[in-house]
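Report on the structure
Here is what each chain is made of, one letter per residue.
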Amino acid sequence: MQGIAKTVLLALTIAVWAAISPSHSADGRRLALVIGSSAYEAAGNLPNAVADAKQFGAFLSSQGFDTDIVTDADRKEMADAVARFARKISADDVALFYFAGHGMQLRGENYLVGTDARLASEFDVAAETLALTDVIGAIEKKSKIALFFLDACRNNPLANRLNQEIEGATRSIATRGLAPVETESAGTMVAFAAAPGQVASDGRGKNSPFTTALIGHLAGPGLEIGTAFKRVIRDVRKATSGKQSPQILSSLALEFYFNTALPEVEQKPVATPTINPQTIEAEADFRKALRINTPRIWGFFLEKHQTGEQAVLARQLLTQLQPGPMQGSGTAAETREAGLGLSKTQRQEIQLALTGRGFAAGASDGAFGQQTRRALADYQTSIGVANSGYFDEETAKSLGMAVQAYGNGLYSSSLVRTYEPKDFEGLETDPRVLKAVACNPYYERIYGSFNGHLYVLMRGGLINRKSAAAISKRCGGYLATITSEAENSFIASLLNKDPRLFLMGYDPGGPVSYKMGAWIGLIQDPAGKEPRGGWKWENGEAMIYSKWYGNMPNENQPGDDYAMYYAHKQGKVDTKTQYVDSWDDMGESDGGYSFVFELE
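Computed from a predicted structure; not experimentally measured.

Moving on: helix 8 (residues 225-239). Compared with the 21 Å implied by 1.5 Å per residue over 15 residues, the 21 Å span of helix 8 between its first and last C-alpha is a close match. Within helix 8, burial applies to Ile225, Gly226, Thr227, Ala228, Phe229, Lys230, Val232, Ile233 and Val236. Two or three places before Gly226, at the opening of helix 8, Glu224 has a side-chain oxygen 2.8 Å from that residue's backbone nitrogen. Ser241 occupies a position one or two residues after helix 8 and carries a positive phi of about 55 degrees.

The structure is reproduced here in structure tokens:
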């Protein structure tokens, strides 16, 4: 049976190989920065971290990477190394960053610790560590593919003490290890040595379990990196008796192979095979779900494939994106919660509300671990509803919280990105979503559902209203019609998830710093009385609701007859964090980076 499995996997590999170029690094270079720190001045010695870095660096060099290795670096040396590395990267390159040493999280943010760190207080963190989000941002925005491997969740006495001082003795337990992250690129993969809340083992041999498994599997002949990492997870869990489970966050739209050679086929006679089509389908669906990597798709995957190795891994990956499953809970409740599209802030509010009612939900960090799950189940029992341990509308109503009804909410990643339409086949059940991802697939997008309508925010280059309306029509929809405060709030919640959907700048004539968002379907009859007369929606509906900004519309120039999301601040200031849910009237020649259309 093992021979049959190898034959099936080889056939799948060949099929994928025929559909893509041999290596997505063929047009560019393979570059790597490897940092390993063992000799910490105040955090204790990590025997294997430097050895891990040297071993992994040698492995990368054998795989064609131009590799820089930095050991026992203080904060300044790490920052200098990352800056030098970022300057080397060009748009066609594959860039890999590896770190072995002490890492920590504080209030949901991750930091890589320099050897000189003492972390006497939380105010020292910025000066003595590197923020992981800054490292990722510096590398992913310049490369074609960005890979990050973090063997950095090792037991850190400085971080433990600091978190205990801030969170308290019991709540600090939840801050062990590193926190989940979000990326902004469709070519990024971040791999953690351990799940959120777990501590990674330094290892008793020459190398840590994580680095040992990486070296053992990444260079498998013809093995795509997502498949290789599944084997890394399996080996690390086995080596640590289940105490450590690596996690992966992937938004890779391309497939990447360390070793592009196809595996050799065993020339042995075999009996007539008994092929399990469910196994083959589960493997194919897992690869597709891994590339999409949204809570909605993992929910569909688990409804379709409830058992097997892929289901175990899918639940681990879903834990990173949405609260993880409790043992014995059904996938229906899990999918129902995922469909609510809860933000990190909302999840923190839920934890605080539960704790305030006497149900200990753990740290209010927005990560629903086992303690929060138990608190949810106990609270649900107390109010007489199904005690699934998953958040739903009934629980929300009892807690006095407003959430979108089941079926409403964020469907996509919270950051704009591109999707491969074929990846949704066999998983996504909503035909509107299939239409939305197939239309203009090279445009980045965010999408979600509200009251029976699917709203899609697309980001391209600078786009005027006429082009936005034409693309919306080709996609089978129309620029958004907004008829209520709730509907406007939902669309604004999607829009404000990613600042790249906005055009921001400074108008000295105001003088104001403006933030221009997505075009919507509101137009003014040229014969309508200015500035407020004659407005109606593109689909013919009358305007019964409006959300004009300040003194808008103001017909600043003749022909300002089209609406988009807009806000500003007085003076020359940074508007990146300003929340925009209001509108302004613009002209046909004006432009923005995004538009929102709807599909019924």
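Right, let's talk about the confidence of the model for the chain for a bit. Residue-level pLDDT values for the chain average 81, and 81% of them are 70 or greater. Below a pLDDT of 50 lies the segment residues 1-26, which in the model reaches 38 contacts outside its immediate sequence neighbourhood of four places, other chains included. For residues 162-175, every residue scores under 50 in pLDDT, and the model assigns this stretch 26 contacts once sequence neighbours within four places are set aside.

This next bit is on the packing of aromatic side chains. Per the counting criterion, the structure on display carries 22 aromatic pairs. For the ring pair Tyr419 and Tyr447, a centre distance of 5.9 Å and an interplane angle of 70 degrees mean the geometry is edge-to-face. Placement of Tyr419 in the loop between strand 10 (409-410) and helix 16 (431-438) and of Tyr447 in strand 11 (residues 444-450) is noted, with a sequence separation of 28 residues between them. Here Tyr447 falls in the buried class, since its relative accessible area comes to 1%. Members of the aromatic cluster, joined through ring pairs, are Phe56, Phe59, Phe65, Tyr98, Phe149, Phe256 and Phe258. One residue, Arg459, lies across the ring of Tyr593, its end atom 5.8 Å from the ring centre. The positively charged end of Lys515 is found above the aromatic ring belonging to Phe502, 4.5 Å away from the centroid.

Core analysis: the biggest nonpolar cluster contains 145 residues, and Leu96, Phe97, Leu147, Phe149, Phe258 and Tyr565 have the highest contact counts within it. Per-element tally for this core: the top contributor is strand 15 (residues 512-524), with 8 residues. If you look at the next biggest cluster of nonpolar residues, it comprises 14 residues, including Leu354, Phe359, Ala361 and Leu376.

Okay, the sheet that holds strand 7 (residues 145-151) next. With mixed pairing, 6 strands are arranged side by side in an open sheet as 2-1-3-7-8-9. Pairing within the sheet leaves two strands with one partner each, and these edge strands are strand 2 (66-71) and strand 9 (247-250). The mean angle between the axes of side-by-side strands here comes to 10 degrees, regardless of whether they run parallel or antiparallel. Alignment of strand 8 (residues 188-192) against strand 9, held across 4 bridges, turns out to be antiparallel. The partner of Ala191 across the bridge, within strand 9, is Ile248. Strand contacts of helix 3 (residues 75-88): strand 1 (30-36), strand 2 and strand 3 (94-100), with the helix running at about 175 degrees to strand 1, the strand carrying the most contacts. Helix 7 (residues 209-217) contacts strand 3, strand 7 and strand 8 of the sheet and is inclined by roughly 140 degrees relative to strand 7.

Under the criterion given, the structure shown has 1 disulfide. Covalent S-S linkage joins Cys439 and Cys475, the inter-sulfur distance amounting to 1.6 Å. Its S-S torsion of about -60 degrees marks the bond between Cys439 and Cys475 as left-handed, since a negative value means left-handed. Placement of Cys439 in the loop between helix 16 and strand 11 and of Cys475 in the loop between helix 17 (465-474) and strand 13 (478-479) is noted, with a sequence separation of 36 residues between them. By the burial criterion, Cys439 is buried, and Cys475 matches it.

Conventions used here
- Residues numbered from 1 in each chain as written.
- Predicted model: local features only at pLDDT ≥ 70, side-chain atom pairs only at ≥ 80, totals over all residues.
- Heavy atoms only, no water.
- Helix = DSSP H or I, 4+ residues; strand = E, 2+ residues; numbered from the N terminus.
- Expected span 1.5 Å × (residues − 1).
- Buried < 20%, exposed > 50% of the residue type's maximum accessible area, 1.4 Å probe, protein only.
- Polar contact = N/O pair within 3.5 Å; in protein donor to acceptor, adjacent residues only side chain to side chain.
- pLDDT = per-residue confidence, 0-100.
- Contact = heavy atoms within 4.5 Å.
- Phe/Tyr/Trp six-rings, centres within 6.5 Å; stacked < 30°, edge-to-face > 60°.
- Lys NZ or Arg CZ within 6 Å of the ring centre and 35° of its normal.
- Core = buried A, V, L, I, M, F, W, Y, C linked by side-chain atoms within 4.5 Å.
- Pairing = 2+ DSSP bridges.
- Axes fitted to C-alpha atoms, helices over the stretch in contact; angles between N-to-C directions.
- Disulfide = S-S within 2.5 Å.

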